[in-house]
Structures are given as C-alpha cells and as structure tokens.
Amino acid sequence: MSVNEDGRVGQIIELEVGAVAHGGHCVARLEGQVVFVRHSLPGELVRARITEGGEESSYLRADAVEILRPAAGRVERRCPVSGPGGCGGCDFQHVDLPTQRALLGDVVREQLRRLAGIEYDVVVEPADEGDGLGWRSRVDFSVDGERRLGLRRHRSHDVIAVDPCPIAHRSLDDFTGHRWEAERVEVVVSSRADRLVVVQAPGTRLPRLDVSGVVDGRGKRIGGRTYVREQVKDREFRVTGGGFWQVHPAAAAKLTDAVLGLATIGPGERVVDLYAGVGLFTAFLAAAAGPDGIVYGVEANQRAARDARRNLHDLAQVRLVHAPVAAALTRGLVPDHVDVVVLDPPRTGARSRVVESIVRLTPSRVVYVACDPATLARDVASFADKGYRLDRLRAFDLFPMTHHVECVALLVPAAG
C-alpha cells in the first residue's frame, strides 16, 4: 500500500468508531472505506488524522487526535509518549483496565467466530490486582541518535526516548538514564531480582550499573553471569541471555496453573510438551505424571534446550528432545501414542503440519497455550478438521496497556 498515494495522509476526518479489532485499533468507515483507528474506543465520535493509505487503498489507518464524544472506560494516558504519533509499545493507555479486558475478550471471541466458526463466551482474567503499570520484566530497547534508550514509534523505525517506560518493571528504571554505545539493549529483571543486560553491537564503553551480568546478542559473556534465575512455586529455572520467559511477573505461575488444570495429568500418563523452552511446563507436568509417567519436552533452540537440561536434571521421568517440533513429531523422536499434548508455539502458531502430527498421536487432551488469538483460532479450525473440538478456554491479561492477550485452550476428540 502506498503511504501517501493521493495526498490523503495527514487529513483530519470525523469518524463514528465501531468495534475493536485485533491489533490495538478500532474499525470505522469513511465513505465505505475501512479505517483502522488507534487511540479510540467503540462508540466514540472522533476527529482522526490519516496516517496511511489513500482513496484507492483497500483500507486506511488513522490516529484519533480529538475525542468529540468519549465512551465509557476512557481515561487520561499515564505515559507522555503513548498518544497519536507516539510510541507503539502501548495500545490502550487511554482505557481503564476493566474495559481493556472487555475489549480483549471481544477480540478473542471475534477471531474464534470468524476463523474457526466457534461461538465462545470469553472472559479475560487479570494477571494480578495491580494498576497495569510497572510489570514488564523484559524490555527490548532501541537506541536513538543521542544514545538514549527508547522504543519505536508506531509502524516506524524512529526511536522515541523513554525515561522511564511506565509499563517497565520499576527495577529497570535506572537503565534509561544513561547513554549507551549499542544498537539495541535488552534489559531483564528476574523473580529472584537478577538483572541482566543483553547488548546488540556493543561499543567500547557501557554504563556502570548494578547488574548480575552483561552478554552480547549471541549470548557471549561480557561481564558477570550469562543467565538469570526465575522462581516458580518450588522450582528454580535458569534462563540464559535474552531467552524466552514470560514478561509479566505473575504469568509463569498463572499459565502453569491453567495448563495443569486443563491437562488433568494422572500418575503414569505419557505427555508431550512441544515448544518446551527452558522447561517451565515440562517440570510441573512431570511432577503430575509422577515417577511412573513420562514427559517428552521438545525444543529446537539450542540455548533453551541446554537450560532445560540443567533445569530438569532431577526429574528422571523427563526425556528432552532437541529438535524442531515438526521433525520430532515426524521422525519418531516421541512415542506414536500419548495421553496428553501441551504446546506453546510462537506467535505464528503451530500450523497444519504440526496439528496433523499431533492428531496422529491420538491424545485424549490437547492443551494449547497461545499468545495470538488469530493463530489460535486458525489452529483450532485445523484441529476441528482432524476431529478435535474446543472444550474449554481461559484468557489472561498478561500484557496490560497492550492489545496482546494469552489464551490456554483445551481440545478433545469430538467423538469423546
């Protein structure tokens, strides 16, 4: 799509705002043309500035710059750079938390209806009782021309300096007050209060900060430790460098409880944990299966697989498979029949090839952890084509102020 193919970008238009859509915006129409409007709420009357598209475009993008008729749930933004033309990190700074969760529920419900043909009443549960700020324990900052940490402008490579970022964990506030010789800087604080810095293309000098370790983008140690320690219930997990871990402090325990509650693992059962990462779900699935059970943890990433071996070494019933998920399922690296499959794929989802391979294992329960409701809905539709139906779904607001929502779904044989 041309950004300004007929000079329309920059025009101010008046819009009646409709339903929320996946991606952090609402839908309006201008003379029959769809407009995706950020910084708005359903039911509002706004003046909006067109930011992308023209008369011949399939749709327009716009920012609401003046609210003529506000909707219930609108509040003052608590971040000075989150508004129109600003940082793209937050979508809902202008919305109170109950309304944010209602909007997220609408999005999940609409994706299931549109992509999977399923009607499901989705209630989004809070991560905690907080105010939606100070939760993000892992932040990937860009560095601007003045060597300050910042975040990208929405749909742009421009960097907007933040000092500090309101949704970042308060233990990370001191990182933004320094100058950095680097292209990008990821900062991490763990549940054990470890602080790690991951620096992409580091210069010769880095700020002196109280940290547990500093590594480069390949995980090579620059100073201190190369990992952080995370505590979940009675277990400690090691996560090297910028390896994947849930960013909300409450998320790991919340999702573990949801997975165990839907999987209902019994002693002696066979379980496969796909996209196992550093072994979070694998550890607790193994405890539920007991010494007579067996849990296969499948992970492709080398660093994550190495961490998983350290994290799960005391669980004799665990078998770790270091391989891509599709390869593990098609090359006989897991049993040809299991009782339960748990999967936590990346944002792109599992896709049909993996779904078909899971179905061939004939599990009685499939527990799917998803960070994107659209890919979840597409994969649920693929499971339906292979004889599995959606039985239960829980949704969690683990990314307050953003359009992201985490879901945990239980799929069972349709004939069961």
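These figures come from a predicted structure and were not determined experimentally. (Residues numbered from 1 in each chain as written. Predicted model: local features only at pLDDT ≥ 70, side-chain atom pairs only at ≥ 80, totals over all residues. Heavy atoms only, no water.)

The next thing to look at is the packing of aromatic side chains. According to the stated counting rule, one finds six aromatic pairs in the structure shown. Seen from their ring centres, Phe36 and Tyr59 are 5.3 Å apart, and the 65° between their planes marks the pair as edge-to-face. Taken as a pair, Phe36 in strand S4 (residues 33-38) and Tyr59 in strand S6 (residues 59-69) lie far apart in primary sequence, 23 residues in all. Residue class for Tyr59 comes out partly exposed when judged on its relative accessible area of 26%. Consider the rings of Phe237 and Trp245, whose centres lie 5.6 Å apart with planes at 45°: the pair is tilted. Trp245 carries the same exposure label as Phe237, and that label is buried. Its guanidinium or amino end placed over the ring of Tyr227, Arg225 lies 5.2 Å from that ring's centre, counting from NZ or CZ. Above the ring of Tyr227, the side-chain terminus of Arg238 is found at 3.8 Å from the ring centroid. (Phe/Tyr/Trp six-rings, centres within 6.5 Å; stacked < 30°, edge-to-face > 60°. Helix = DSSP H or I, 4+ residues; strand = E, 2+ residues; numbered from the N terminus. Buried < 20%, exposed > 50% of the residue type's maximum accessible area, 1.4 Å probe, protein only. Lys NZ or Arg CZ within 6 Å of the ring centre and 35° of its normal.)

Of note, the bond from Asp163 into Pro164 is cis; its omega dihedral lies within 30 degrees of zero at -10°. By secondary structure assignment, the location of Pro164 is in the loop between strand S10 (159-161) and strand S11 (184-189). The backbone of His39 sits at a positive phi, close to 65°, despite the residue not being glycine. Accessibility expressed as a relative area gives 5% for His39, which makes it buried. Residues other than glycine seldom take positive phi values, yet Tyr275 does so here, at roughly 55°. Relative to the helices and strands, Tyr275 resides in the loop between strand S17 (270-274) and helix H3 (280-289).

By secondary structure assignment, the location of His22 is in the loop between strand S2 (20-21) and strand S3 (25-30). Distance in space between the C-alpha atoms of His22 and Gln302 is 33 Å, their sequence separation being 280 residues. When near neighbours in sequence (up to four residues on either side) are disregarded, His22 contacts Val107, Gln111, Asp372, Pro373, Ala374 and His403. Looking at His22, its side chain comes within polar contact range of the side chain of Asp372, at 3.3 Å. (Contact = heavy atoms within 4.5 Å. Polar contact = N/O pair within 3.5 Å; in protein donor to acceptor, adjacent residues only side chain to side chain.)

When you tally the buried positions in S17, you get four out of five residues, the bulk of the element. For S17 and strand S18 (residues 294-299), the ladder comprises five bridges, and the chain directions are parallel. The residue of S18 that forms the bridge with Arg270 is Ile294. For the crossover that starts at S17, traverses H3 and ends in the parallel S18, the hand is right-handed. Here S17 runs beside strand S20 (residues 340-343); their pairing, made up of four bridges, is parallel. In the sheet register, Leu274 faces S20, and the bridge partner there is Leu343. (Pairing = 2+ DSSP bridges. Right-handed = clockwise from strand over helix to strand, strands pointing away.)

Before going further, it helps to spend a moment on the environment of Asp91. By the element assignment, Asp91 lies in the loop between S6 and helix H1 (97-116). Each C-alpha atom of the pair Asp91 and His25 lies 7.6 Å from the other, and the pair is 66 residues apart in sequence. A polar contact is formed between the side chain of Asp91 and the side chain of Arg38, at a distance of 2.9 Å. Here His403 takes part through its backbone nitrogen, which lies 2.7 Å from a polar atom of the side chain of Asp91.

Following the sequence through the fold, His94 ends up in the loop between S6 and H1. According to the relative accessible area criterion, His94 is buried, its value standing at 2%. For His94, the side chain forms a polar contact with the main-chain oxygen of Ser40, separated by 3.0 Å. Residues in contact with His94, not counting those within four places in the same chain, are His39, Ser40, Leu41, Gly73, Arg74, Val75 and Arg77.

Across its 13 residues, helix H7 (residues 373-385) extends 18 Å between first and last C-alpha, which sits within 8% of the 18 Å expected from 1.5 Å per residue. Burial within H7 is extensive, with 10 of its 13 residues counted as buried. Taken residue by residue, H7 has Pro373, Ala374, Thr375, Leu376, Ala377, Asp379, Val380, Ala381, Ser382 and Phe383 as its buried positions. Contacts from the buried residues of H7 go to H1, helix H6 (351-360), strand S21 (365-370), strand S22 (388-397) and strand S23 (406-413). Capping of H7 at its N-terminal end is provided by Asp372; its side-chain oxygen lies 2.9 Å from the backbone amide nitrogen of Ala374. Among the residues trailing H7, Gly387 stands out with phi positive, at a value near 100°. (Expected span 1.5 Å × (residues − 1).)

Let us look at the sheet that holds S10. Strand order in the open sheet formed by seven strands is S10-S9-S8-S11-S12-S13-S14, with mixed pairing between adjacent strands. Single-partner strands in this sheet number two, and they are S10 and strand S14 (221-224). Direction aside, the axes of adjacent strands within the sheet are offset by 30° on average. (Axes fitted to C-alpha atoms, helices over the stretch in contact; angles between N-to-C directions.)

This part takes up the packing of H6 against H7. The contact between H6 and H7 brings their axes to 9 Å, and the two run at 45°. In terms of orientation, H6 and H7 fall into the oblique class. You can see that H6 and H7 cross each other, and the crossing is right-handed. Of H7, the residues touching H6 (which contributes Arg351, Ser352, Val355, Ile358 and Val359) are Asp379, Ser382 and Phe383. Looking at the contact of H6 with H7 residue by residue, the classes come out as four nonpolar, two polar and two charged. (Parallel < 35°, antiparallel > 145°, perpendicular 65-115°, else oblique. Left-handed = near helix turned anticlockwise from the far one by under 90°. Nonpolar A, V, L, I, M, F, W, Y, C, P; charged D, E, K, R; others polar.)

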